Amino acid sequence: MTELEKMNDPALQEYYLQLVRHYEKFQAQKLKLNMSRGIPGPDQLDLAAGLLDCINQTNYKAADGTDCRNYGGVDGLPEAKELFAQLLEAKPAEVIIGGNSSLNLMNDLIIRAMLHGLPGSETPWVKQPQVKFLCPSPGYDRHFAICEHLGIELIPIKYQHDGPDMAQVEQLAAADASIKGIWCVPKHSNPTGITYSDAVVKRLAAMPVKAPDFRIFWDNAYTVHHLTDTPPRLLNMLAECKQAGQPDRVFVFTSTSKVSLAGAGIAALAASEANINWFKKHLGIQTIGPDKLNQLRHVRFFKDRAGIEAHMRKHAAIIKPKFDLAIAIMEAELGGKNLASWSKPQGGYFISVNTLPGCAKKTVAKTAAAGVVLTSAGATFPYGRDPKDSNIRLAPTFPPLAELKQAMELFTLCIQLASVEQELEKRGLRQ
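Let us look at the structure shown here. Computed from a predicted model, the values in this text were never measured in an experiment. Every residue gets a number counted from 1 within its own chain, in the order that chain's sequence is written. Selection of residues for local features in this predicted model requires a pLDDT of at least 70, selection of side-chain atom pairs for listing and counting requires 80 or more, and totals for whole chains, interfaces and linings are taken over all residues. Calculation of side-chain values draws on the structure's entire complement of heavy atoms; hydrogens and water are dropped beforehand.

Comments concerning the packing of aromatic side chains
No. 1: Paired rings are identified among Phe, Tyr and Trp, the last through its six-membered ring, by centres lying within 6.5 Å, and are further divided according to the angle between planes into stacked (under 30 degrees), edge-to-face (over 60) and tilted (the rest). According to the stated counting rule, one finds 13 aromatic pairs in the structure shown.
No. 2: Summarising the aromatic geometry, the rings of Phe133 and Trp183 are spaced 5.7 Å apart at their centres and angled 40° between planes, so their arrangement reads as tilted. One end of the pair, Phe133, is in strand β3 (residues 132–137); the other, Trp183, is in strand β6 (residues 179–184), and 50 residues separate them in sequence. When sorted by exposure, Phe133 lands in the same class as Trp183, which is buried.
No. 3: Plain terms: the ring middles of Trp278 and Phe279 are 6.3 Å apart, the flat faces sit at 55° to each other, and that makes the pair tilted.
No. 4: The cut-offs for exposure are 20% and 50% of the maximum accessible area for each residue type, with area from a 1.4 Å probe on protein chains only; residues under the lower value are buried, those over the upper are exposed, and the others partly exposed. A residue is classified by how much of its surface remains accessible, and Phe279, at 1% relative accessible area, is buried.
No. 5: Feature note: the residues Trp125, Phe133, Trp183, Phe217, Phe251, Phe253, Trp278 and Phe279 constitute an aromatic cluster, connected by ring pairs.
No. 6: The residue whose ring lies beneath Arg112 is Phe279, and the NZ or CZ to ring-centre distance is 4.6 Å. Going along the chain from the N terminus, every DSSP run of H or I of four or more residues is numbered as a helix, and every run of E of two or more is numbered as a strand. Consider the ring centre and the ring normal. A charge sits over the ring if Lys NZ or Arg CZ is within 6 Å of that centre and within 35 degrees of that normal.

A few points about the pairing of strand β9 (residues 267–270)
No. 1: Alternating residues of β9 divide into Ala267 and Leu269 and Ala268 and Ala270, and every residue in both groups is buried.
No. 2: At least two bridges found by DSSP between two strands is the condition for calling them paired. The pairing of strand β2 (residues 95–97) with β9 spans 3 bridges and is classified as antiparallel. Looking at β9, one finds that Ile97 is bridged to Ala268.
No. 3: Bridge count for strand β8 (residues 250–255) against β9 is 4 bridges, and the pairing is antiparallel. Its bridge partner being in β9, Phe253 is matched across the sheet by Leu269.

With respect to the environment of Leu261
No. 1: Along the chain, Leu261 falls in the loop between β8 and β9.
No. 2: It only takes one pair of heavy atoms within 4.5 Å for two residues to be counted as in contact. Apart from residues no more than four positions distant in its own chain, Leu261 is found in contact with Leu45, Ala48, Leu51, Leu52 and Thr256.

Quick look at helix α9 (residues 273–286)
No. 1: Multiplying one less than the number of residues by 1.5 Å gives the expected span of a helix. End to end, α9 covers 20 Å across 14 residues, agreeing with the expected 20 Å (1.5 Å per residue, within 8%).
No. 2: Among all positions of α9, only Asn275, Ile276, Trp278, Phe279, His282 and Leu283 are buried. Along the axis of α9, the buried residues cluster in a sector spanning 160°; they form a single face. Of the exposed residues in α9, the ones pointing more than 90 degrees away from its buried face are Asn277, Lys281 and Ile285.
No. 3: Packing partners of the buried residues in α9 comprise β2, α4 (102–116), β7 (215–219), β8 and β9. Directions are taken from the helix axis to each C-beta atom, and the arc is the one they span.

This is how it looks when you write it as structure tokens:
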């Protein structure tokens, strides 16, 4: 039972009037704050300023003598592949280095599957009667957007405490040959913060599937993005697929978008050598060579995985106070009222908030009307349809602490307003 349900009608109406007066004060401030995307703040970007001057007119050659100003090296510099092989627990031969966006790699890969088919099937997806993807939800809206843009049907999958509902995943994938893949953000998931358990990883790697070209799209975007000194460990999906006799089942993605410079990072794909050779063949049609100077400066700046991990501890020192503040305000304003629940992530970029059913869209709209833009309610579900209208993704990394405090105080107020209005409507006290 919520705190509101315990109130009699006059007490509930008086509480509502108090909230409205408080909300009007926020509106009078004419705030203009944006928390709609998980982006690094300027102070985080400043941490990688050394990238901008670690290459000059005399040291632009790679370790093997490659002139990084010129064409060539379609799959990446050897030292860049080595760096990302360390990060993704793969062999350098199992890695391709892309541009600044792992999302670009994912989009290109699915388009190539649509047009040419994947290893394991001679039929391009576009020539098959139907193509579907499993979508653990709440999840990453841009994953869903890729599929929706290409006419791929999205199937929501429930989340458990340790990853997607594997009974649901296994049943669907084993029975339907049109199910070609599953989207996964396996560590510090977007937005729930969940890290997949060993059991979930092993079941995904070994489960029977109907489609011979079924793939796991393993977006390990937050592999080094921790908020604690003792982060959860994620099993190596590449190794688990090999051990299960399914070496071609997974594509692993990551990038330095939230490590170095968000608009000038580098992305990487890791997969079996069969998958890598397939991808490289198509990549050679698309480009004569990537931005090798950017790859070289990343290698020189970070040097190795230990260098990246040391750098990310500096990030954590900046953003952990923001997560702590956001959670502290929710606990102070909403704790014990049973109007909302929220995640307490150990890493990543988001906090997942669940309001009472039917209150998420109203909360986001009220927050926006008072000057704070949040991710659209429903965005974390396929087609933007949250069946309970309850999930909201908070992105606390970008605003300075003072602005974040204002935004969170308004946000928690709007949750209460939306909840009270819904309770008043139930009692016939408000139309």
